[in-house]
Amino acid sequence: MHSRLVVGCGSVGHTLVDRLGERPGDLLVLERDRRRVERFREEGVDAKHVSTVDVGTVGSHATAVDTAVAAADDPAANLDAARALREAFPDAMLLVYAGFDADAATVAELDQLADRLVDPEATTAERLLDRIGSGGTGLRQLRRILRAVEEPLAIVAHDNPDPDAIASAVALRQLADAFGIASEVCYYGRITHQENRAFVNLLGFDLTRFDDDADLGDYGAFALVDHSQPGVNNQLPVDTTVDIVVDHHPPRAPIDARFVDLRSDVGATSTLMAEYLRKFDITPTEAVATGLLFGIRVDTNDFTRETSVEDLEAAAYLLQWADVNALERIESPSISGETFEVIAAAIRNREQRGSVVTTYVGEVTDRDALAQAADRLLAMEGVSTTVVYGVMEGTIYVSGRARGTDLDLGETLRDAFDQIGSAGGHADMAGAQIQMADTTLDPEAARGATTAEDEASDAADIETPVDDPEADGDLPVEGDASGGVSEVDFATEIESFVNGRLFEALESRPRRERVGLYASSEPPTDETDW
C-alpha cells in the first residue's frame, strides 16, 4: 500500500515530491517524463514511468491510497489524472493543482472531482504540503460528513461551557456554514464565570441554551466539541447518535461517532478547530479568531501548561485576525460578590494534608466560583494540589488544580468519581460532578445546607456554648425533634464522602505521582500521616 500517490510533476510537483520524501509514509510517483522518473529514482524516490494516465494505469500500480495528488503544470493532464484517481480511489483525499492558464470549464470540473483544488496564483509547495499530512484523510472524511448530515446540526459544548468549548463550537459553526449546512451552538447549564460571560457578550456569540426538557427532535445531527460522549458532562440522552466529535481530552471509553478527532497531545480543542479552518482555507471571522485564541490561552494557562507546538502555531495563525483589544476587556471583568464569598469560605474551611488542600464551601449558585477558589488556594505556601467542592441543585461539583507535582489530577478525579458521576480534565486542571441522588447522601439535607454566604454567621453561632440560655442562634442538634439531618451534620457527611473517595484515589496513583504530595519523602501509610 502506498499512503501517498503523486501523478504528474510539474514545477510545483517536483518540489512537493522532494519534501514528501522526507516525511514518514510510503510515496509513489507516476510520471510521463522519463527524465523526471530517472531523476526521482536517483534521489531514492519510488517513481514509475507511464505513457498514459487512466483508471487501469493507476490501479495497476497502486492498490490502496490515502492521499492522491495531481500536480502537473498542464491543466488537461491534471484533469485526466483527477478523473482516473477519483474513480480508482473514491475514498482517498484528492488534491489537484489546477496548472497554468486553465479555462473555466476545466477548473469547474476539477473543483467537482477534487477534495481540494489549488489555484496556481496562490500556490507554493509549502501550501500543498500543508494539506497533505496525516490529517488529509480526516479532512476528507469531515468534509464528506458535513455535506451529508441532516440539518440543522446541533453543535453541543459541554455543560456550563468554558472559552475553549464555546470557541470551538462557534468555529465548527463557521466551518458548517462554509459547506452550506445550517447549525446551532448549544449547551446545557449556565455560563456564570465573569470572564466567560464577558467573552460571549463582547464577541457577540449566538448560543442556544438547552432546558432540561429541550426538544432534541428539532435537530437532524449532533456534534460534540471539547468533550466526547453523550450523557457525560452534558445532559444529552446517552443513546444520542453523534456524528462528529472533536476533543483534546483523553477518553476513558470508546467513542462512537462517524467522525472522531481526539488528540490529547494538544493543549486545547481550539487548536484543532484553528487547524481545520486553516487547512480548508476558510478565513476565521474576527470574533471566531479572537475566541479561538482566547480558548487556547485559557486552556494552556497562557502557554505555560501542557502546551504543544501546534498550540503555538495556531495562536500565531489566529493573531492576524484577532481583536487584541477585546481580549484585554475579556480578561479584566468585575468579580461577583458571591465569588468572593466562595473564595472566603474555601480559605476558612480548608483542610490540608501534606501539600493537598481540600475544602467544602457549602451550597453555591455559581459553580465557576469553585474553580476560581481552587486557583486562589494554589497560591498558598506549601500547597501543590487544591480540591474545592460545593453543592448546587442536588449535584456536588468538584474543581481541582495542581502545580509543581507529578500528580495527574484528571486521572485521580476519574478514579475517585467517574463510577458514580462524571469526571476528567488535565493533569493540572480537572473537575467532577456527582448527582447526590446516585449516592448515599441525603439530597433533602442538601437543600438546607449552608451557603458560602452563611458560613461566617454559622461559625459565629458555633462559638456560643450550646447550653448558654442567652444564646441568640439555635444550633442544629443531631436527632432533633424534626428528626432531620442538621446542616453541620450534612457538611460533615459530604466532606467525609468526597475526601474519602479523593484520598483513596490518591493512594491508588503510582508512587512517582504521590511522593511530591507529602511533607516527607515517603508516602504515608495511613490517613493520619498526611
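Our structure is the block above this text.
Visitor: Provide a residue-level description of the pairing of strand β12 (residues 259-262), including the pertinent values.
Guide: Burial along β12 is one-sided: the face carrying F259 and D261 is buried and the face carrying V260 and L262 is not. In the sheet, strand β11 (residues 244-247) pairs with β12 via four bridges, with the strands oriented parallel. Residue V245 lies in a different strand from β12, and its bridge partner there is V260.

Visitor: Talk me through the sheet that holds strand β18 (residues 429-435); I want residue IDs and the actual numbers.
Guide: Two orientations exist for strands paired in a sheet by backbone hydrogen bonds: parallel and antiparallel. Spatial ordering of the open sheet is given by β13-β14-β15-β16-β18-β17, a layout of six strands whose pairing is mixed. On the outer flanks of this sheet lie β13 (351-353) and β17 (422-425), each paired with one strand and no other. On average, each strand axis in the sheet is inclined to that of its neighbour by 15°, with strand direction left out of account. Relative to strand β15 (residues 385-392), strand β14 (residues 356-363) runs parallel, the two being bridged by six bridges. By the bridge assignment, T359 is partnered in β15 with V388. The strands that helix α14 (residues 337-348) touches are β14 and β15; relative to β14, the one it contacts most, it runs at about 130°.

Visitor: Outline the pattern of salt bridges, supporting the account with residue identities and numerical values.
Guide: Applying the stated rule across the entire model yields 16 salt bridges. As a salt-bridge pair, D261 and R263 come within 2.7 Å of each other at their nearest N and O atoms.

Visitor: Residue-level account of the packing of α14 against helix α15 (residues 368-377), with values.
Guide: Axes are the key here: two packed helices are described by the angle between their axes and the distance separating the axes. Their axes nearest at 9 Å, the elements α14 and α15 cross at an angle of 50°. On the basis of their axis angle, the class for α14 and α15 is oblique. Seen along the crossing, α14 lies across α15 with a hand that is right-handed. Where α14 approaches α15, its residues T339, V342, I343, A346 and I347 are matched on the opposing element by A369, L370, Q372, A373, R376 and L377.

Visitor: Let's hear about the packing of aromatic side chains: which residues, and what values?
Guide: The full count for this structure, using the stated rule, is nine aromatic pairs. Between Y360 and Y389, the aromatic rings sit 5.5 Å apart at their centres with planes inclined by 25°, giving stacked as the arrangement. With Y360 in strand β14 and Y389 in strand β15, the pair connects residues that are 29 residues apart, well separated along the chain. Y389 matches Y360 in its accessibility class, with the two residues each being buried. Here the aromatic cluster, defined as three or more aromatic residues joined through ring pairs, consists of Y188, F210, Y219 and F222. The positively charged end of R353 is found above the aromatic ring belonging to F503, 4.0 Å away from the centroid.

Criteria and thresholds
Residues numbered from 1 in each chain as written. Predicted model: local features only at pLDDT ≥ 70, side-chain atom pairs only at ≥ 80, totals over all residues. Heavy atoms only, no water. Buried < 20%, exposed > 50% of the residue type's maximum accessible area, 1.4 Å probe, protein only. Helix = DSSP H or I, 4+ residues; strand = E, 2+ residues; numbered from the N terminus. Pairing = 2+ DSSP bridges. Axes fitted to C-alpha atoms, helices over the stretch in contact; angles between N-to-C directions. Contact = heavy atoms within 4.5 Å. Salt bridge = Lys/Arg side-chain N within 4 Å of Asp/Glu carboxyl O. Parallel < 35°, antiparallel > 145°, perpendicular 65-115°, else oblique. Left-handed = near helix turned anticlockwise from the far one by under 90°. Phe/Tyr/Trp six-rings, centres within 6.5 Å; stacked < 30°, edge-to-face > 60°. Lys NZ or Arg CZ within 6 Å of the ring centre and 35° of its normal.

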